[in-house]
Amino acid sequence: MKLLYQTHSPYARKVLVAAHEVGLADELEVVHQETSPTRRNEDVISLNPLGKVPVLICDDGLVLFDSTVICEYLDGMHEGQKLIPASGKTRWLALRLQALAQGIADSGIAVRWEAERRPEALRWPTMRDAQLQKIAAACDFVEQEVELKGSPDIGEIALATTLSWIAFRDVYSFGTGRPRLSSWYDNFSRRPSMTATTLAGETQD
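Caption draft 1: Quick peek at helix α1 (residues 10-21). Its 12 residues place the ends of α1 16 Å apart at the C-alpha level, agreeing with the 16 Å of an ideal helix rising 1.5 Å per residue. With 10 of 12 residues buried, α1 lies mostly within the body of the structure. Capping of α1 at its N-terminal end is provided by S9; its side-chain oxygen lies 3.2 Å from the backbone amide nitrogen of Y11. G23 occupies a position one or two residues after α1 and carries a positive phi of about 80 degrees.

Structure follows, in structure tokens:
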């Protein structure tokens, strides 16, 4: 299988961490691809019309995109403990946490557009602040409402990789005043899947 990847994407990192956790990382040929909303990458667009990574090219030629789809595909390829619980409350809690993490990442990217990526004259501080408020509220929700076990289900993988990107880009100090979240993140970040997939590089618009 071939994974079109970006070394500074929280979504791509989620896929690669998941692959490590289920023992499939060695079966992936990882190819870095630079993409951004303002920069066409024809190699990526030929496979994903949205022009985004991650993209997985399966051994049978099937092409999958979006990290949630790819992670579910990989989770069906192994016989060990599943990242996505099959049924019951644990399934929905894991999927809910994954959705929350996705929202944090989306808001973090919006913050960066309004803080540094958009031409200065076109930046909208009100939007930046509103997105930061969403990130803060989501982190408060995790601190107060989410049971963090340190187990590599899809929710915790998504949260850890998203927060790693928030820290990498210095978007928001999510650990301040949140001891449970901070302790969990520090511990999860020491997992081999995380240390093998560190973020690097700058966005090229």
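Caption draft 2: Region of the structure containing the packing of α1 against helix α6 (residues 154-168). Across the interface, α1 lies against α6 with an axial gap of 9 Å and an inter-helix angle of 135 degrees. With respect to α6, the axis of α1 lies oblique. For α1 against α6, the interelement crossing comes out right-handed. Each of P10, R13, K14, V17, A18 and E21 in α1 lies in contact with α6, whose residues at this interface are I157, A158, T161, T162, S164 and W165.

Caption draft 3: Structural view of the sheet that holds strand β4 (residues 63-65). One open sheet holds the four strands; their spatial order is β2-β1-β3-β4, and the pairing between them is mixed. Looking at which strands have only one partner, the edges of the open sheet turn out to be β2 (29-32) and β4. The average angle at which neighbouring strand axes cross in this sheet is 20 degrees, direction not considered. Pairing analysis gives three bridges linking strand β1 (residues 2-5) to strand β3 (residues 55-57), with the strands arranged antiparallel. Looking at β3, one finds that L3 is bridged to L56.

Caption draft 4: Looking closely at the pattern of salt bridges. The final tally for this structure, using the stated rule, is eight salt bridges. The partner of R40 in a salt bridge is E42, and the shortest N-O contact between them spans 2.9 Å. On the basis of relative accessible area, E42 is assigned to the partly exposed category, the value being 47%.

Caption draft 5: Summary view of a negative patch on the surface. Where like charges cluster on the molecular surface, the negative patch consists of D26, E27, D59 and D60. With respect to the element layout, E27 can be found in the loop between α1 and β2. Here E27 falls in the partly exposed class, since its relative accessible area comes to 43%.

Caption draft 6: Representation of the packing of aromatic side chains in the model. Within this structure, the stated rule accounts for two aromatic pairs. For the pair F174 and Y185, a centre-to-centre distance of 5.1 Å together with 85 degrees between the ring planes defines the contact as edge-to-face. Of this pair, F174 sits in the loop between α6 and α7 (179-188) while Y185 is found in helix α7, placing the two residues 11 residues apart along the sequence. The burial state of F174 is the same as that of Y185; both residues are buried. Ring geometry for W184 and F188: centres 5.3 Å apart, planes at 40 degrees, overall tilted. You can see W184 and its partner F188 sitting in helix α7, four residues apart, about one turn around the helix. The class of F188 is buried, set by a relative accessible area of 2%. Over the ring of W92 we find R91; its NZ or CZ atom is 5.3 Å from the centre of that ring. It is R191 that lies over the ring of F188; its NZ or CZ is 5.5 Å from the centre.

Rules of the game
Residues numbered from 1 in each chain as written. Predicted model: local features only at pLDDT ≥ 70, side-chain atom pairs only at ≥ 80, totals over all residues. Heavy atoms only, no water. Helix = DSSP H or I, 4+ residues; strand = E, 2+ residues; numbered from the N terminus. Expected span 1.5 Å × (residues − 1). Buried < 20%, exposed > 50% of the residue type's maximum accessible area, 1.4 Å probe, protein only. Polar contact = N/O pair within 3.5 Å; in protein donor to acceptor, adjacent residues only side chain to side chain. Axes fitted to C-alpha atoms, helices over the stretch in contact; angles between N-to-C directions. Parallel < 35°, antiparallel > 145°, perpendicular 65-115°, else oblique. Left-handed = near helix turned anticlockwise from the far one by under 90°. Contact = heavy atoms within 4.5 Å. Pairing = 2+ DSSP bridges. Salt bridge = Lys/Arg side-chain N within 4 Å of Asp/Glu carboxyl O. Patch = residues over 30% accessible without salt bridge, like charges linked within 9 Å, V, L, I, M, F, W, Y side chains within 5 Å. Areas by Shrake-Rupley, 256 points an atom, 1.4 Å probe, with all protein chains shown as cover. Lys, Arg positive; Asp, Glu negative; His and termini not counted. Charge placed at Lys NZ, Arg CZ, Asp CG, Glu CD. Phe/Tyr/Trp six-rings, centres within 6.5 Å; stacked < 30°, edge-to-face > 60°. Lys NZ or Arg CZ within 6 Å of the ring centre and 35° of its normal.

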